[in-house]
Amino acid sequence: RTVLRNEDFRDDLTLFTKTLKVSPYCSEAHLVMGNMYLAQNNYNLAIEEYERAIWDNPQYITFKSPYEAENNLGIAYLRQGRFSQASVHFRKASGICPSCREAQDNLKLTQGSRLLKR
């Protein structure tokens, strides 16, 4: 079993795709998948994965704060020009971690982007 599992460690995409097949409620795996899709500018898939990472489901067990998923979900929406949705998630991220400046700075970007779009 260990030898077979070692094949899953080829790259992050393989590892976390296999992880989600075995543990579909792993928030951390959804977060990592979202981060990979965000880095590839595949915003729709990133949004799907971040939504799964923060989905409030008693079967989801996580040891990670939803701050990163909320903030990154906001970034994906921001990059799509969906400013109101982005600001919702930046506000949620700021509520989870009031001392984390990144979400607050990102929220300011949504406000500035709205002004530029007019």
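Residues numbered from 1 in each chain as written. Predicted model: local features only at pLDDT ≥ 70, side-chain atom pairs only at ≥ 80, totals over all residues. Heavy atoms only, no water.

**Examining helix α3 (residues 27-39)**
Three or four residues apart is the spacing at which side chains of an α-helix point the same way, because the helix has 3.6 residues per turn. What counts, and what does not: A helix here means a DSSP run of H or I that spans at least four residues, while a strand means a run of E at least two residues long, and both kinds are numbered starting from the N terminus. Multiplying 1.5 Å by the residue count of a helix minus one yields the expected span of that helix. Buried means the residue's accessible area, taken with a 1.4 Å probe over protein chains only, is under 20% of the maximum for its type, while exposed means over 50%, and partly exposed covers the values in between. Any two residues having at least one pair of non-hydrogen atoms within 4.5 Å are treated as being in contact.
Its 13 residues place the ends of α3 18 Å apart at the C-alpha level, agreeing with the 18 Å of an ideal helix rising 1.5 Å per residue. When α3 is considered as a whole, its buried residues turn out to be Ser27, Ala29, His30, Leu31, Met33, Gly34, Met36, Tyr37 and Leu38. In this structure, the buried side of α3 is in contact with α2 (12-22), α4 (43-54) and α5 (67-79). Residue Asn41 follows α3 closely and has a positive phi angle near 60 degrees.

**Comments concerning the pattern of salt bridges**
Put simply, the rule is: By definition, a salt bridge exists where a carboxyl oxygen of Asp or Glu is found within 4 Å of a side-chain nitrogen of Lys or Arg.
Inspection of the entire model under this criterion finds two salt bridges. Among the ionic pairs, Arg52 bridges to Glu49, the shortest N-O distance being 3.4 Å. Here Arg52 pairs with Glu49, and both are found in helix α4, just three residues apart, close to one helical turn. We classify Arg52 as partly exposed; its relative accessible area is 35%. When its relative accessible area of 8% is taken as the criterion, Glu49 is described as buried. Here Asp105 and Arg101 are joined by a salt bridge, their closest N and O atoms 3.3 Å apart. Here the residue Asp105 and the residue Arg101 both occupy positions in helix α7 (residues 101-117), the gap between them amounting to four residues, near one helical turn. Residue classification places Asp105 among the partly exposed residues on the basis of a relative accessible area of 35%.

**Let's talk about the nonpolar core**
For the record, the criterion: We define the nonpolar core as a collection of buried residues of types Ala, Val, Leu, Ile, Met, Phe, Trp, Tyr and Cys that are connected through side-chain atoms lying within 4.5 Å of one another.
Within the largest apolar cluster, 25 residues are counted, with the highest numbers of intra-cluster contacts made by Met33, Leu38, Tyr50, Ala69, Leu73 and Phe90. For this core, the elements supplying multiple residues, two or more each, are α2, α3, α4, α5 and α6 (83-96). Setting aside residues no more than four positions away along its own chain, Tyr50 makes contact with Leu31, Gly34, Asn35, Leu38, Ala69, Asn72 and Leu73.

**Structural notes on the side chain of His89**
Note the cut-off: As used in this structure description, the phrase polar contact means that two N or O atoms lie within 3.5 Å; if the pair is within protein, one of them must be able to donate a hydrogen and the other to accept it, and residues adjacent in sequence are counted only when both atoms belong to side chains.
Tracing the backbone shows His89 in helix α6. There is a polar contact of 2.6 Å between the side chain of His89 and the side chain of Glu70. Sequence-distant contacts of His89, that is, excluding residues within four places in its chain, are made with Glu51, Ile54, Glu70, Leu73, Gly74 and Tyr77.

**Some thoughts on unusual backbone geometry**
Despite not being glycine, Asn41 has its phi angle at roughly 60 degrees, a positive value. By secondary structure assignment, the location of Asn41 is in the loop between α3 and α4. Among the residues examined, Asn41 registers a relative accessible area of 48% and is labelled partly exposed.

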